Amino acid sequence: GQTTLKTPWDIQVYVVNTNFTLRWNYTGNDSNVAFSAEYRWSEDFETVETEWNELPGCQNVTGTECDFSSAVTEYYDMHHVRVRAERRKEVSPWSDIFEMIPYFIAQIGPPGIELQSTNGIIKIKVSPPEANAVRKMWIAHLRFKYNLVLWENSSNAEFRSLSIFPTHVIDDLAPDTTYCMKVQATLPLDFKEGLFSPVRCIKTTRKVNDLLCATNVSILASNMKFHLHWNNPYKQHVSYNVQYLIGYLKKLHDDYSPKWLNVHGCENITVTQCNFSSIITTTGFYYLRVQAMSESNRSCLSNEVKVNPLITNEIGPPGIKVDISDVLLHIQISPPGGSESEVMRDHYDLSYRILYWKNSSNNEEDIKMKEVKQTIATISDLTPSTLYCVKVQAFSQIYNKSSDYSKEECIQTPGDKILPLIILATFVTALIVVLLVATLLVFALYQAYNKIKYVFFPSCHPPLNIEGFAGQPFIRPYLSTTEEPTEICSIIETVLTEVNHIDFKDYKHSKQSSRDSGNYSNDDDTSGSKASEEKEIV
């Protein structure tokens with residue numbers, strides 16, 4: 001059971017597309033040594049098949065590598081591989097087990113490229129890795145992105161790298177110059193970079209300048225309003241068609257040249273600008289070009305320009321309105337594009353930068369800033385009786401964009417209200433005091449008036465039969481004088497029943513009763529003859 005053969009070590013598997021290569025190291029000096037490998041695999045990552053199988057393509061191999069591409073058909077399953085040395089009937093112990101999931105360790109193979117040089121430009125057509133393979137590791141070839149490395153075929157060449165589509169045109173090249181290039185396919189979502197294609201070189205031609213072609217094609221876009229502008233070097237009559245291509249079509253490996261469409265409203269125009277906002281959405285990107293046509297039906301296509309709406313678009317300045325209440329400055333902001341522009345509000349997630357300052361003779365001093373998300377802002381740290389100016393800028397942190405500042409708006413803050421409040425409080429207090437004093441004075445006068453009236457002008461009068469005693473009016477019934485008797489009497493006024501005769505006997509009886517009680521009894525309704533008689537008796 002003993003052997004002198006050493007165990008292979010440093011087992012590695014290299015995968016490019018669906019090509020599998022097993023490599024290992026062997027440090028023994030034995031001659032006539034061969035190597036064999038076994039493998040096992042399982043659909044479940046946690047459990048592995050216990051049965052080992054011979055690895056096709058890796059049996060009795062005299063070198064230190066072998067190709068076993070035909071043995072692997074499941075690229076997302078766990079595989080185990082091991083190797084041992086063999087010489088006649090003598091074998092070494094098995095090496096350490098190498099574990100792999102083919103898709104995770106696989107490299108992207110080089111893409112295919114085709115070059116064409118015409119009219120000063122180079123057209124490149126890229127075919128995806130495994131384009132003609134029966135079995136494919138990379139199924140979704142639309143996910144591929146391609147990187148191009150370009151340089152002049154000279155001793156002091158500068159390398160230039162750019163991202164390209166499967167069908168791409170390079171037009172900013174020097175004429176009559178040889179350029180070399182290589183292309184790499186990548187899968188950014190899987191963090192995979194492939195192998196570069198073999199280097200290809202081609203020479204450019206001279207470009208024929210056609211004055212009919214539109215030049216300096218550019219895009220001006222603000223608040224999701226898109227305009228295409230160009231120059232017309234042609235001195236004769238010319239008309240234009242503006243055409244667009246949905247950018248997604250360039251990601252396909254098919255020919256997209258017949259899929260260009262005319263922009264509605266920009267057909268057969270003679271001006272050198274066009275509003276193409278009608279075709280724009282926020283879910284993709286576009287390419288635009290201008291087709292110039294002469295009166296003889298000769299046409300020429302301009303260079304293409306790319307439009308990525310949310311990136312190409314610029315944010316315009318917002319509108320503002322300012323108002324003052326007490327010592328608060330209220331700012332109402334109108335979003336760029338107006339309140340109806342949902343794209344600007346929803347996609348850019350706008351914030352607003354407010355600058356405000358005192359508009360003094362020292363120009364713009366002590367500029368203060370406040371950032372808000374809402375379209376209504378309030379500023380409180382203001383000085384009374386001061387002219388303040390405000391301007392607002394809209395910005396988007398997501399797209400790293402900012403607008404120009406709005407037009408300045410100035411407003412005067414009201415004066416200091418402390419002194420008016422003190423004056424008002426003093427006036428109210430004085431008014432209350434005056435009212436209290438006036439009330440007390442009126443009350444005192446009223447009481448004095450009642451006393452005087454009660455004394456000098458009593459409201460109750462003595463009966464007529466008393467007022468006329470001794471032929472003298474009874475003027476001051478409540479004041480005693482020296483001429484009048486000091487005897488205090490109480491007058492009881494009684495109603496006398498009308499009678500036909502009063503005799504002296506009745507009078508004496510009544511007089512006696514009055515002396516006993518201290519009161520007099522009178523009859524207001526007696527006739528005049530009876531009253532005269534009573535006076536004589538008294």
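Residues numbered from 1 in each chain as written. Predicted model: local features only at pLDDT ≥ 70, side-chain atom pairs only at ≥ 80, totals over all residues. Heavy atoms only, no water.

Identification of the protein as Interferon alpha/beta receptor 1 from Eurypyga helias is taken from an unreviewed UniProt entry.

Colleague: Give me a nonpolar patch on the surface: which residues, what numbers.
Modeller: On the surface, a cluster of nonpolar side chains totalling about 670 Å² of accessible area is made up of Leu424, Phe427, Val428, Leu431, Ile432, Leu435 and Leu436. With relative accessibility at 41%, the residue Leu431 sits in the partly exposed group. (Patch = residues over 30% accessible without salt bridge, like charges linked within 9 Å, V, L, I, M, F, W, Y side chains within 5 Å. Areas by Shrake-Rupley, 256 points an atom, 1.4 Å probe, with all protein chains shown as cover. Salt bridge = Lys/Arg side-chain N within 4 Å of Asp/Glu carboxyl O. Buried < 20%, exposed > 50% of the residue type's maximum accessible area, 1.4 Å probe, protein only.)

Colleague: How would you explain the pattern of salt bridges if you had to name every residue and give the values?
Modeller: Scanning all chains against the criterion turns up 13 salt bridges. One salt bridge in this structure joins Asp190 and Arg143, with 3.0 Å as the shortest N-O distance. Taken together, the residues Asp190 in the loop between strand S15 (178-187) and strand S16 (192-196) and Arg143 in the loop between strand S11 (121-127) and strand S12 (145-152) connect sequence positions 47 residues apart. Under the relative-accessibility criterion, Asp190 is labelled partly exposed at 26%. Residue Asp172 is joined to Arg160 by a salt bridge in which the shortest nitrogen-to-oxygen separation is 3.1 Å. Taken together, the positions of Asp172 in the loop between strand S14 (167-170) and S15 and Arg160 in strand S13 (residues 160-164) put the pair twelve residues apart, joining distant regions of the chain. The exposure class assigned to Arg160 is partly exposed, which follows from its relative accessible area of 33%. (Helix = DSSP H or I, 4+ residues; strand = E, 2+ residues; numbered from the N terminus.)

Colleague: Tell me about the nonpolar core, and name the residues and values.
Modeller: With 52 residues, the main nonpolar core has Leu228, Trp230, Phe276, Ile331 and Ile354 as its most contacted residues. Here this core gathers at least three residues from each of two domains, domain 3 (215-312) and domain 4 (319-412). Those residues in contact with Phe276 that lie beyond four places of it in its chain are Ile219, Phe226, His227, Leu228, Val263, Leu288 and Val307. Among the nonpolar cores identified, the runner-up in size contains 48 residues, and Trp24, Tyr26, Tyr146 and Leu150 belong to it. (Core = buried A, V, L, I, M, F, W, Y, C linked by side-chain atoms within 4.5 Å. Domains from an automatic or database assignment. Contact = heavy atoms within 4.5 Å.)

Colleague: I'd like a description of the side chain of Ser294, backed by residues and values.
Modeller: Here Ser294 lies in strand S23 (residues 286-294). Polar side-chain contacts of Ser294 include one of 3.0 Å to the side chain of Ser296. (Polar contact = N/O pair within 3.5 Å; in protein donor to acceptor, adjacent residues only side chain to side chain.)

Colleague: For the sheet that holds strand S30 (residues 376-379), give the residues involved together with the corresponding values.
Modeller: Taken together, three strands build an open sheet; the order of strands is S26-S27-S30 and the sheet is antiparallel. This sheet does not close on itself; its edge strands, each paired only once, are strand S26 (319-325) and S30. On average, adjacent strands in this sheet sit at an angle of 20° to one another, irrespective of strand direction. Of the pairings in the sheet, the one linking strand S27 (residues 328-334) to S30 comprises four bridges and is antiparallel in character. Along S30, the bridge assignment pairs Ile331 with Ala377. (Pairing = 2+ DSSP bridges. Axes fitted to C-alpha atoms, helices over the stretch in contact; angles between N-to-C directions.)

Colleague: Please set out the packing of aromatic side chains residue by residue, giving values where relevant.
Modeller: Taken as a whole and assessed by the stated rule, the structure comprises 16 aromatic pairs. Counting every residue linked through ring pairs, the aromatic cluster contains Tyr76, Tyr103, Phe104 and Trp138. Sitting over the ring of Trp52, Arg82 keeps its end group 4.1 Å from the ring centre. For the cation-ring pair, Lys250 lies above Tyr287, with the distance from its terminal atom to the ring centre recorded as 3.9 Å. (Phe/Tyr/Trp six-rings, centres within 6.5 Å; stacked < 30°, edge-to-face > 60°. Lys NZ or Arg CZ within 6 Å of the ring centre and 35° of its normal.)

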